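Residue strings, one per chain:
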Amino acid sequence: MRFNTHSATRPSGIYRRIVHQIGWLTIAIATLVLLSWFFDIEAGKRILPGFQSMKFNTAMCFLACGLILRYKALIYRPCSDCPVTLTIAAFLLIIPGLTLLEYFSGWQLGIDNPFVQDTATPPSDWPGRMSIGTALCFGLIGAAWMATVLPVRHSTIALQVLALTVFTISGSALTGYVFGIQQFELTIFSTMALHTSLLFVLCSTAMLLVRPNEGIMASATSPYVGGRSVRKLLPFIIVTPILMCWLSLKGLQAGYYSEAFGFAISAVSSILVLSFVGWFGADALNREEERFRSTIDSSPVATVMVDQAGIIQMANQLAHSLFLYPRNHLVGKPLESLLPLRFREEHSVFVRGFMNAPQQRMMGEGRELFALRHDDSEFPAEIALNPVHTVEGRYIMASVMDITERLKAEEKILRLNRIHKVLSGINTLIVRVQTRKALFEEATRLTVEEGELLAAMIVEYNHDSGQGTVLNQHAANNKFSNRPLSKAETAIVGECLQNHRIVIKNELRKPDYNRGFNDLINLGVGALVAFPLTHRDQELQVALLLYREDAFSFDQAEMRLLNEVAGDISFAIANLAKSHQLEYLTHFDSVTELPNRLLFTDRLQQAILQAEWRKNVFSILYVDIDRFRQVNDSLGHTVGDYVLCKVAERILACVAEADTVARWGGDEFIVLLPDRSGADASEIATCINGQLHSVISLENGRELFVSCSMGIAECDGTGIDVDVLINRARTAMATIKEQGGNDYRHFIASDHGTLSDALALETSLRHALEERQLELYYQPQIDIASRQLVGLEALLRWQHPTEGLVPPDHFIPLAEKTGLIIPIGKWVLYEACRQAAAIPGLRVAVNLSARQFHQENLVTVVQEVLDKTGMPPAYLELEITESALIYEVEAAIDTMSQLSSLGVSISLDDFGTGYSSLSYLKRFPIDTLKIDKSFINEVTTDPGSEVIANTIIAMAHSLNLKVIAEGVETEEQLAMLRERECDQAQGYLIARPMPFSEVIAKFQL
């Protein structure tokens, strides 16, 4: 087992530097002596002639001592880890040990003159051998260092005791030199060189300072008064006796007095020294105690020092003031006398436990503790206990603090924190609360539970009747439940709301106050405050009442927070009102107060889902007021709004409570009829028509009749959405409106598939151009006389990815209407020219729509296409419908003239179907007339069509124009046209429209 015999404390500060310097000095002197032996320098060996010399072995041992001191000063750690210390200590034990063995055994072991011969010492004095005293001192030094290495108990004490022994031996030898004595008769004080004794004194001093804070050196190096006093007196204690004895000896040797008187002088000097030391020590202790007491008295905390028996040994001035005792009257009293009787028994047990395990702690930790004053009054206290160890025994230093104000401050902070928590809860409540009732319930609950109030009420006040109504209340106990407001409380609420300010009653138990508050006092209420929650100009007048048990508990800081709480509740009330108003405006029409489009759409969506789940049907009725614009234009919007309200009333009169009537738009209403078929909807539509037959009387006395057009759509909930269903009903309504209105119609499903909807068609058409869904087909044109191919007409086709081939009459009018015909027409022109340019001499005809013909940059576009594709202008024919020329005839003639100047041909398409004047026909710079196929279809069966065709052919030839007949489907038609000398023909008889590659293959172009 290993004992903690050496501390790991490093020599600190000045002591470490002293050890360090002594180590260097010892090494330096030992080295000089060794060199003096090598070079035979007598001054280095013995300092002065006649003095004893330091032997070679002695110098080597001092060198070892210096090294170990140097090592200890630099690297200080537990010596069990220091092989260097162990090695040097062994060396210091071996060399002097062998020397002592030689002295006492008479042997010659050959260690006296190991390197250099000592020729100056007589043989009788053992040349080269260190003295017995020197060897003994080195042995003690070696043993001391060995004790620090080996696991020896109290190694520090051993080190310091052995160092003091060496100091005593060497100090005696050194003192002998002071008194002129170089030879000693005692064995251990035998001959010792001057510098040997000096180095022993220095080395032993350094050994004492290696561990300055341990062992017997702890008192001397202490920073306290004892250590400081010893360090101050040490030079006086050492020097004074030596000096007095030296003076006594010199006086004796000079014959000034007898030997007895010399001893008397030495004794008196020792008494003086001891007396001075005692006086100085007592003075230092007195000053230290005075400073200690002054420090204790100046402490900001009441402090008492108690012995192990619990008796007060010291108390500062603040302790006397705190406990109301005259000065010094606390000393000698038991500490228990400062505690109330209920704490004394427990205190005795606590003190015994504290003395058994003294440590810094708080007395009564974890529970309330009270102290007792001299006048028997009590106060809450906090007592800190600190153990104090002195030579006289153990004491307890008790610091007592009156924590009354701190507890009040803590309670105030707790109250404010609780109100902050209430405020936070109210802020969260504002975000999530949906109704005023829920707001009042949660606000009162949070205020009472989180704010730890006795009760909270929200009261509505009627200024006219002077009565208050409790809208909500929450209390910490059941005594407040369902109790009516007292007159005093009602008066407080009235004052609060009438003046719109806070009313506080902070001491209800005060005689001047308690009139009318007796019932509240009986319920334990000590303070009451009222906060206004609404403004005076608001219809709803509401106040917040808060009740607390303690009087004067609503202080200024808390009132600021509570006012914020009331402000947040007030904001929430206003916000809910605005939210409800916004909610109403969001879902209801402000004119008719019917559900609006948003709410009706939601209900219709729910009806569709229910119909799908329950496998039943429902219907909607789309109502549009006939000629309502005339009402607004002639009578004004105010009358229009009045009419809307009356129509809404009459529609509501025809439906059940479960049905929904909504205003869909300006003059449009939609009726949702759950679980009603189309036949049921017809009955309701008939009822509405009957209701509207009644006159509407206006405020100015005028009478007004209105009618409605209605569309009915039935839904079974499968494969339909809200927009489609409404569009069906609207379509049916629009159909009946076109027929004159004042009736209803059921929706009939369209045969055009999904692309019957114009918006869907437009969207798909825009994608068609971007995604290359459009393509060109070509219908051949032949010379009738030779039946040879003379050209192709480019026809646009749309290959839809899901609908397949879409007929041109379905999308061309929409493209014309939306303006998409411009980019589509440009693409058709470019693509036709690009493909035709690849076949030299192939003429191609391209149709120009009316909108395309009238675009300002048409000529530029045509020129660019010709340039980019390399199409010869002579082989391009632009077909313009007759209807495109009837407006802005002069501008049309100018455009055609510019196109003709490019070298392209112009043909007039669908001739005979338009309204163009024949007078303009001769002015148009055209090359060809195309007879519309409506005439060609009946040219062989209808004499009228035959006459028209003959006339067009004759007129065209008279104007030097070529004629092309469209829609030729039979040989009879072609033969008749040949007889009438028609120039060219196209139609299914010749070939149907086909892709360009098929045309090339069929006609081998």
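Since the model is a prediction, treat every value here as computed from it, not as a measurement. (Residues numbered from 1 in each chain as written. Predicted model: local features only at pLDDT ≥ 70, side-chain atom pairs only at ≥ 80, totals over all residues. Heavy atoms only, no water.)

## Concerning the overall build of the protein chain
Next, step 1: When its secondary structure is counted, the protein chain shows 33 helices and 28 strands.
Next, step 2: Buried residues in the protein chain amount to 45% of all 1005 residues.
Next, step 3: With an accessible surface of roughly 50900 Å², the protein chain has 55% of that area assigned to carbon and sulfur atoms. (Helix = DSSP H or I, 4+ residues; strand = E, 2+ residues; numbered from the N terminus. Buried < 20%, exposed > 50% of the residue type's maximum accessible area, 1.4 Å probe, protein only. Areas by Shrake-Rupley, 256 points an atom, 1.4 Å probe, with all protein chains shown as cover.)

## Quick look at the sheet that holds strand β10 (residues 527-532)
Next, step 1: Taken in spatial order, the 5 strands make up an open sheet running β8-β7-β11-β10-β9, and their pairing is antiparallel. Only two strands of the sheet have a single partner each, and these edge strands are β8 (467-475) and β9 (503-505). Averaged over all adjacent pairs, the angle separating strand axes in this sheet is 20 degrees, with direction ignored.
Next, step 2: Of the pairings in the sheet, the one linking β9 to β10 comprises 3 bridges and is antiparallel in character. (Pairing = 2+ DSSP bridges. Axes fitted to C-alpha atoms, helices over the stretch in contact; angles between N-to-C directions.)

## Structural notes on the sheet that holds strand β13 (residues 660-663)
Next, step 1: The strand order across the open sheet built from 5 strands is β13-β14-β12-β17-β18, with neighbouring strands paired in mixed fashion. The open sheet is flanked by β13 and β18 (743-746), the only strands paired with a single partner. Pairs of neighbouring strands in the sheet enclose a mean axial angle of 20 degrees, with direction left out of account.
Next, step 2: Of the strand pairs in this sheet, strand β17 (residues 708-715) and β18 are connected by 4 bridges, and their pairing is parallel. The partner of S709 across the bridge, within β18, is D743.
Next, step 3: On top of the sheet, helix α22 (residues 722-738) reaches β12 (618-625), β14 (668-673), β17 and β18; it is set at about 145 degrees to β17, its chief contact. (Contact = heavy atoms within 4.5 Å.)

## Side note on the state of the cysteines
Next, step 1: The tally for this structure, following the rule as stated, stands at 1 disulfide.
Next, step 2: Here C203 is not disulfide-linked; the sulfur of C65 is the nearest cysteine sulfur, at 4.9 Å. (Disulfide = S-S within 2.5 Å.)

## Looking at the packing of aromatic side chains
Between two aromatic rings, the relevant description is the distance of the centres plus the angle of the planes.
Next, step 1: Under the counting rule described, the total for this entry stands at 8 aromatic pairs.
Next, step 2: Here the aromatic rings of F600 and W664 are separated by 6.0 Å at their centres, their planes lie at 80 degrees, and the arrangement is edge-to-face. Of this pair, F600 sits in helix α18 (residues 597-614) while W664 sits in the loop between β13 and β14; the two residues are 64 residues apart in sequence, bridging distant segments of the chain. Each member of the pair F600 and W664 is classed as buried.
Next, step 3: Three or more aromatic residues joined by ring pairs form one cluster here, namely F62, F138 and F200.
Next, step 4: The ring of W664 has R597 lying over it, and the distance from NZ or CZ to the ring centre is 4.2 Å. (Phe/Tyr/Trp six-rings, centres within 6.5 Å; stacked < 30°, edge-to-face > 60°. Lys NZ or Arg CZ within 6 Å of the ring centre and 35° of its normal.)

## Points about the pairing of strand β11 (residues 542-548)
Next, step 1: Where burial is concerned, most of β11 is hidden: 7 out of the 7 residues are buried.
Next, step 2: Going residue by residue along β11, you find V542, L544, L546 and R548 tucked away on one face and A543, L545 and Y547 tucked away on the opposite face as well.
Next, step 3: Alignment of strand β7 (residues 455-462) against β11, held across 6 bridges, turns out to be antiparallel. Pairing of M457 across the sheet is with L545, part of β11.
Next, step 4: Sheet analysis places β10 next to β11, joined by 6 bridges and oriented antiparallel. Its bridge partner lying in β11, F531 is registered against L544.

## As for the nonpolar core
Next, step 1: Judged by nonpolar contacts, the single largest core of 79 residues is most densely connected at Y778, L876, I926, L929 and L977.
Next, step 2: Per-element tally for this core: the top contributor is helix α25 (residues 821-836), with 7 residues.
Next, step 3: Residues in contact with I926, not counting those within four places in the same chain, are M896, I906, L908, L921 and L961.
Next, step 4: Counting residues in hydrophobic clusters, the runner-up holds 49 residues, among them C61, I68, A135 and L208. (Core = buried A, V, L, I, M, F, W, Y, C linked by side-chain atoms within 4.5 Å.)

## Regarding the side chain of D659
Next, step 1: Along the chain, D659 falls in the loop between α20 (637-652) and β13.
Next, step 2: Apart from residues no more than four positions distant in its own chain, D659 is found in contact with L672, L673, P674 and R676.

## Remarks on helix α14 (residues 436-449)
Next, step 1: Relative to the 20 Å expected for 14 residues at 1.5 Å per residue, α14 spans 20 Å between its end C-alpha atoms, a close match to the ideal helical length.
Next, step 2: Along α14, the positions that sit buried rather than exposed are L439, F440, A443, T444, L446, T447 and V448. (Expected span 1.5 Å × (residues − 1).)

## Comments concerning the pattern of salt bridges
Next, step 1: For the coordinates displayed, the defined rule picks out 19 salt bridges.
Next, step 2: With a shortest N-O distance of 2.5 Å, K737 and D624 are connected by a salt bridge. One end of the pair, K737, is in helix α22; the other, D624, is in strand β12, with 113 residues separating them in the sequence.
Next, step 3: Salt-bridge contacts for K930 lead to E793; the nearest nitrogen and oxygen are separated by 3.2 Å. Here the residue K930 occupies a position in strand β25 (residues 928-931), and E793 occupies one in strand β20 (residues 789-800), the gap between them amounting to 137 residues.
Next, step 4: We classify K930 as buried; its relative accessible area is 0%.
Next, step 5: Accessibility expressed as a relative area gives 4% for E793, which makes it buried.
Next, step 6: What you see here is one network of salt bridges that share partners, running through E793, E879, K930 and E966. (Salt bridge = Lys/Arg side-chain N within 4 Å of Asp/Glu carboxyl O.)

## Brief notes about a nonpolar patch on the surface
Next, step 1: There is a patch of nonpolar side chains on the surface, built from V178, L234, F236, I237, I238, V239, L243, W246, L247, F276 and W279 and spanning about 970 Å² of accessible area.
Next, step 2: Within the residue set of the nonpolar patch, elements represented by two or more residues are α9 (225-253) and α10 (259-297).
Next, step 3: Among the elements that take part in the nonpolar patch, α9 stands out by supplying 8 residues, more than any other.
Next, step 4: Here I237 lies in helix α9. (Patch = residues over 30% accessible without salt bridge, like charges linked within 9 Å, V, L, I, M, F, W, Y side chains within 5 Å.)

## Notes on α25
Next, step 1: Given a rise of 1.5 Å per residue, 16 residues ought to cover 22 Å, and the 22 Å separating the end C-alpha atoms of α25 matches this to within 8%.
Next, step 2: By the burial criterion, the buried members of α25 are I821, I824, G825, V828, L829, E831, A832, C833, Q835 and A836.

## Comments concerning the packing of helix α6 (residues 155-178) against helix α7 (residues 194-210)
Next, step 1: As a packed pair, α6 and α7 sit with axes 8 Å apart at the nearest point and diverge in direction by 150 degrees. On the basis of the axis angle, α6 is roughly antiparallel to α7. In this structure, α6 crosses over α7, and the sense of that crossing is left-handed. Counting all contacts with α6, which are made through L159, Q160, A163, L164, V166, F167, S170, G171, A173, L174 and Y177, the residues of α7 involved are L194, S197, L198, F200, V201, S204, T205, M207 and L208.
Next, step 2: For the contact of α6 with α7, the residue count by class is 14 nonpolar, 6 polar and no charged. (Parallel < 35°, antiparallel > 145°, perpendicular 65-115°, else oblique. Left-handed = near helix turned anticlockwise from the far one by under 90°. Nonpolar A, V, L, I, M, F, W, Y, C, P; charged D, E, K, R; others polar.)

## Structural notes on the UniProt feature "transmembrane region" (unreviewed entry) in the protein chain
Next, step 1: Taking the UniProt record as the reference, the feature "transmembrane region" (unreviewed entry) is found at residues 21-39, 51-71, 83-104, 130-150, 157-180, 186-210 and 261-282.
Next, step 2: Taken end to end, residues 83-104 is 100% helix and 0% strand, and its two terminal C-alpha atoms sit 31 Å from one another.
Next, step 3: Spanning residues 157-180, this segment combines 92% helix with 0% strand, and its end C-alpha atoms are found 34 Å apart. (UniProt positions renumbered as here; feature names shortened; annotations may be inferred.)

## Observations concerning the environment of E378
Next, step 1: Position of E378 relative to the elements: it lies in strand β5 (residues 378-390).
Next, step 2: Between the alpha carbons of E378 and L338 there is a distance of 9.5 Å; along the sequence they are 40 residues apart.
Next, step 3: Every residue in contact with E378, bar those within four places of it in the chain, is listed here: P340, R342, F370, A371, L372 and R373.
Next, step 4: Only 2.8 Å separates the side chain of E378 from the side chain of R342, close enough to count as a polar contact. (Polar contact = N/O pair within 3.5 Å; in protein donor to acceptor, adjacent residues only side chain to side chain.)

## Section: the confidence of the model for the protein chain
Next, step 1: Averaged over every residue, the pLDDT of the protein chain is 80; the share at 70 or more is 87%.
Next, step 2: This model gives residues 1-11 a pLDDT under 50, and the stretch forms 32 contacts once residues within four places in sequence are excluded.
Next, step 3: Across residues 751-756, where pLDDT falls below 50, the model places 10 contacts with residues more than four positions away in sequence or in other chains. (pLDDT = per-residue confidence, 0-100.)

## Quick look at unusual backbone geometry
Next, step 1: Of note, R627 is a non-glycine position whose phi angle comes to about 55 degrees, a positive value.
Next, step 2: Mapped onto the secondary structure, R627 falls in the loop between β12 and α19 (628-635).
Next, step 3: Residues other than glycine seldom take positive phi values, yet D675 does so here, at roughly 60 degrees.
Next, step 4: For D675, the location among the structural elements is in the loop between β14 and α21 (678-692).
Next, step 5: You can call D675 partly exposed: its relative accessible area is 46%.

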